[in-house]
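Fold and contact review
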Number of protein chains: 2
Amino acid sequence: MMRNFDEFTITEAVLERVASAPDPRMRQIGEALVRHLHAFVREVEPTQAEWAAGIDFLTRTGQMCDDKRQEFILLSDTLGVSMLVDAINHRRPEGATETTVLGPFYVQGPPEFECGADISGAMTGLKLHVAGTVATLDGSPIADAVVDVWHADAEGGYDVQRPGDPAGRARLRTDAAGRFQFWTTRPCSYPVPHDGPVGQMLALQGRHPYRPAHVHFMIAAPGHETLVTHVFAAGDEYLDSDVVFGVKDSIIRPYTEHPPGTAPDGSVMGERYATLSYDFRLK
Amino acid sequence: MMRNFDEFTITEAVLERVASAPDPRMRQIGEALVRHLHAFVREVEPTQAEWAAGIDFLTRTGQMCDDKRQEFILLSDTLGVSMLVDAINHRRPEGATETTVLGPFYVQGPPEFECGADISGAMTGLKLHVAGTVATLDGSPIADAVVDVWHADAEGGYDVQRPGDPAGRARLRTDAAGRFQFWTTRPCSYPVPHDGPVGQMLALQGRHPYRPAHVHFMIAAPGHETLVTHVFAAGDEYLDSDVVFGVKDSIIRPYTEHPPGTAPDGSVMGERYATLSYDFRLK
């Protein structure tokens, strides 16, 4: 009989109800959700006021989302859920480049550039030359791979966080030897958006909102699994406390500063500049 | 070292981070949330597409909320969380009236009526006379208790779901003998709002969205715990499958139909009418 539930019997009642899902995967997800959600509630025994605060938090998180901001992805990121899902979905064979979170700042259909171009747009700061190769697990170069890159500016902001044209955001293609390169400006460590519910959560948890400096890469080639990763700046003060838990040693590289002189692509630089390189392996 | 997490080590890393919450209760809730949330993800192993569907579901749930609609409360209700929280917070002494969910349709500061008034406003349908008493656990009447009532109309809709003045919604006070009474129209079983994300979830779970007919009561008196409950209609076809799991035998009563004649308050009724009564006990 489906009534008279108490705090011990209600979970079985809800499980029985969600078990009627026609799709087996939906049934599996529904049952697991109810078991774990009820176990959480049973453990913390929220007061009615705490339950209402939870409802309010989730409501405000949804209402903070728009076409430029995704507060629920940020919540997933800051609770380590995004990296957990990433790890589960990328039990990679030895040798493939390690993956990390997509993050909330990727934009579909980035502007296309030729290799060697400067993609920094309105961004200012130290010039950064980025060079890379894309290869298979056995080291064979992959020609014509699609390389999407995006990164923050020297103040830690993304182009989509303010009005204006795309900047620090591009789609490139590898050459016959699997190589790509471009110029941009060196990104800085930055706080994730923390003027919303997730920022309030971080403050209540005694956590800073910073990510170490990085450039995002999404690399796609036919016959290979699309790679979503970052390359982090060696020495950054936040490498060991990334607010979204995304750092792995294998995807840290020096963003090396150089005095004025000849850059890797032959450009003669009249001011200081930096270089970064990474060789990606796709499975 | 806070990096290089895999699907097995990330949970400990996030737990270590949320353990820095200054407030012990916030720390306890944060740690429990991370443990149970990660356990859920580890069990179902969502694909990236399923994770994205979950983000989208939560976002749409938040964005469906406004001053008249609370989709996250509806989600909590339909997953049995609201009744679980209710049960945890009302481990009642023997003799107190059983509690159930507040639901999403309560409005602060309802219109005040004298006992005996008709509160149905623009609602039409079979007239219903509701009579009740409010007493302590030992049966002593409680005078001047604040009795808030709200209910759906004969089509199953609440006043706040359409334009117009409050209807089927009132604040009354008990007399010196702890009694109250009022006239309204008999409510019907009804579906919870199911044109949003929660409705989609119910459909995917193979569940109907109905609640059995009921009148909501919130009864407050100094020195007593405020009682939030419903009185359900005996014989309703949804008593055993209430979509929010709120039914208990002790709060079911007949909504008895009568031929034209003299009603309990002495009114002479020219048409058929119904009566309902309940004696509430506050702890």
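Residues numbered from 1 in each chain as written. Chains lettered and ligands numbered in written order. Predicted model: local features only at pLDDT ≥ 70, side-chain atom pairs only at ≥ 80, totals over all residues. Heavy atoms only, no water.

Concerning the side chain of T275(B)
All names here are of chain B. With respect to the secondary-structure elements, T275 resides in strand 13 (residues 273-282). Look at T275 and you get buried, because its relative accessible area is 15%. Contacts of T275, omitting those with residues within four sequence positions, involve L128, H129, P254, Y255, T256, H258 and P264. (Helix = DSSP H or I, 4+ residues; strand = E, 2+ residues; numbered from the N terminus. Buried < 20%, exposed > 50% of the residue type's maximum accessible area, 1.4 Å probe, protein only. Contact = heavy atoms within 4.5 Å.)

A word on the relation of the copies chain A and chain B
The two copies are related by a screw operation: chain A maps onto chain B through 180 degrees of rotation and 0.0 Å of translation along the axis, at an RMSD of 0.1 Å. Such a turn and shift between the copies fits a two-fold axis. The rotation axis passes nearest to the C-alpha of G62(A) in chain A, at a distance of 2.0 Å. Most of the interface of chain A is mirrored in chain B: 100% of its interface residues are interface residues there too. (Least-squares fit on C-alpha atoms with pLDDT ≥ 70 in both.)

With respect to the packing of aromatic side chains
For any pair of aromatic rings, the description rests on two quantities: the centre-to-centre distance and the angle between the ring planes. Counted by the stated rule, this structure contains 23 aromatic pairs over all chains. Ring-pair connections join several aromatic residues into one group, and the members of that group are F180(A), F182(A), F217(A), Y278(A) and F280(A). (Phe/Tyr/Trp six-rings, centres within 6.5 Å; stacked < 30°, edge-to-face > 60°.)

Things to note about the interface of chain A and chain B
By convention, interface size is frequently given as the accessible area that disappears when the constituent parts associate. The interface is formed by 76 residues belonging to chain A together with 76 residues belonging to chain B. Note on chain A versus chain B: buried area summed over both sides is about 7,100 Å², and carbon and sulfur give 60% of it. The largest per-residue losses of area from chain A upon contact with chain B belong to R3(A), R17(A) and F245(A), which jointly make up 9% of the total buried on that side. At the boundary of chain A and chain B, one finds twelve salt bridges. Linking E43(A) and R35(B) is a salt bridge whose minimum nitrogen-to-oxygen distance equals 2.8 Å. At the surface where chain A touches chain B, the tally comes to 42 residue pairs in polar contact (both at pLDDT 80 or more). Counting residues per element, the ones that place at least two in the side of chain A that touches chain B are helix 1 (10-18), helix 2 (24-44), helix 3 (48-63), helix 4 (71-78) and helix 5 (81-89) of chain A. Of all the elements, helix 2 of chain A adds the most residues to the side of chain A that touches chain B, at 18 residues. (Buried area = accessible area lost by both parts, 1.4 Å probe. Salt bridge = Lys/Arg side-chain N within 4 Å of Asp/Glu carboxyl O. Polar contact = N/O pair within 3.5 Å; in protein donor to acceptor, adjacent residues only side chain to side chain.)

Overview of the packing of helix 4 of chain A against helix 3 (residues 48-63) of chain B
Contact pair helix 4 of chain A / helix 3 of chain B: the axes reach a minimum separation of 9 Å and the direction vectors enclose 125 degrees. Between helix 4 of chain A and helix 3 of chain B, the crossing angle belongs to the class labelled oblique. Regarding helix 4 of chain A and helix 3 of chain B, the two cross each other, and that crossing is right-handed. Contacts from F72(A), I73(A) and S76(A) of helix 4 of chain A reach helix 3 of chain B at W51(B), I55(B), L58(B) and T59(B). A class-by-class count of the residues in the contact of helix 4 of chain A with helix 3 of chain B yields five nonpolar, two polar and no charged. (Axes fitted to C-alpha atoms, helices over the stretch in contact; angles between N-to-C directions. Parallel < 35°, antiparallel > 145°, perpendicular 65-115°, else oblique. Left-handed = near helix turned anticlockwise from the far one by under 90°. Nonpolar A, V, L, I, M, F, W, Y, C, P; charged D, E, K, R; others polar.)

Here we look at the environment of K68(A)
When you line up the elements, K68(A) lands in the loop between helix 3 and helix 4. The exposure class assigned to K68(A) is partly exposed, which follows from its relative accessible area of 48%.

Description of the domain arrangement of chain A
Taken domain by domain, chain A consists of domain 1 (1-45) and domain 2 (81-282). One C-alpha centre belongs to domain 1 of chain A, the other to domain 2 of chain A; they are set 42 Å apart. (Domains from an automatic or database assignment.)

Some thoughts on helix 4 of chain A
Given 3.6 residues to a turn, an α-helix orients residues that are three or four positions apart in the same direction. The element helix 4 of chain A is extensively covered by neighbouring structure, given that eight of its eight residues are classed as buried. Along helix 4 of chain A, the residues classified as buried are E71(A), F72(A), I73(A), L74(A), L75(A), S76(A), D77(A) and T78(A). Elements that come into contact with the buried residues of helix 4 of chain A comprise helix 3, helix 5 and helix 6 (197-204) of chain A together with helix 3 and helix 4 (71-78) of chain B. Among the residues of helix 4 of chain A, the N-terminal cap falls to Q70(A), whose side-chain oxygen and the backbone nitrogen of F72(A) are separated by 2.9 Å. A positive backbone phi angle near 75 degrees is found at G80(A), which sits one or two residues after helix 4 of chain A.

A look at helix 2 (residues 24-44) of chain B
The terminal C-alpha atoms of helix 2 of chain B lie 30 Å apart, and with 21 residues this matches the ideal 30 Å at 1.5 Å per residue to within 8%. Elements in contact with the buried residues of helix 2 of chain B: helix 2 and helix 5 of chain A together with helix 1 (10-18) of chain B. With its phi angle positive at about 45 degrees, E45(B) sits one or two positions after the end of helix 2 of chain B. (Expected span 1.5 Å × (residues − 1).)

Considering the pattern of salt bridges
Considering all chains together, one arrives at 38 salt bridges over all chains under this definition. Close ionic contact of R173(B) with D144(B) constitutes a salt bridge, the shortest N to O distance being 3.9 Å. With a gap of 29 residues between them, R173(B) in strand 3 (residues 169-173) and D144(B) in the loop between strand 1 (127-136) and strand 2 (146-151) connect regions that are remote in the sequence. Owing to a relative accessible area of 38%, R173(B) belongs among the partly exposed residues under this scheme. Close ionic contact of E225(B) with K283(B) constitutes a salt bridge, the shortest N to O distance being 3.8 Å. One end of the pair, E225(B), is in the loop between strand 7 (214-220) and strand 8 (227-233); the other, K283(B), is in the segment after strand 13, with 58 residues separating them in the sequence. Beyond isolated ion pairs, a larger network of salt bridges with shared partners links R3(A), D240(B) and D249(B).

A closer look at the pairing of strand 13 of chain B
Residue and element names in this part refer to chain B. Among the ten residues in strand 13, seven count as buried, and that is most of the element. Bridge count for strand 1 against strand 13 is ten bridges, and the pairing is parallel. Bridge pairing in strand 13 links V134 to F280. Taken together, the three bridges between strand 10 (residues 256-258) and strand 13 define a ladder with antiparallel strand orientation. (Pairing = 2+ DSSP bridges.)

So, unusual backbone geometry
At D144(A), a residue that is not glycine, the phi angle is positive and equals roughly 65 degrees. Residue D144(A) is classed as partly exposed on the basis of its relative accessible area, which comes to 45%. Positive phi, close to 60 degrees, is recorded for N4(B), a residue that is not glycine. Locating N4(B) in the fold gives a position in the segment before helix 1.

A closer look at the sheet that holds strand 3 of chain B
For sheets, the rule is that strands pair by backbone hydrogen bonds, running either parallel or antiparallel. Residue and element names in this part refer to chain B. In space, the five strands of this open sheet follow the order 3-2-7-8-9, with mixed pairing throughout. Edge strands, defined here as strands with exactly one partner in the open sheet, are strand 3 and strand 9 (252-253). Bridge analysis of strand 2 against strand 7 gives six bridges, and the strand direction is antiparallel. Residue V147 lies in a different strand from strand 7, and its bridge partner there is I219.

Observations regarding the confidence of the model for chain A
Averaged over all residues, the pLDDT of chain A equals 94, while 99% of them reach at least 70. Among the prediction metrics, the complex's ipTM stands at 0.88, with pTM recorded as 0.88. (pLDDT = per-residue confidence, 0-100.)

As for the sheet that holds strand 10 (residues 256-258) of chain A
Residues and elements named next belong to chain A. Taken in spatial order, the four strands line up as 4-1-13-10 in an open sheet, and their pairing is mixed. The open sheet terminates on both sides in strands that have one partner only, identified here as strand 4 (179-185) and strand 10. In this sheet, adjacent strand axes meet at a mean angle of 25 degrees when their direction is disregarded. Direction of pairing for strand 1 (residues 127-136) relative to strand 4: antiparallel, over a ladder of seven bridges. Within strand 4, the residue paired with H129 across the bridge is W183.

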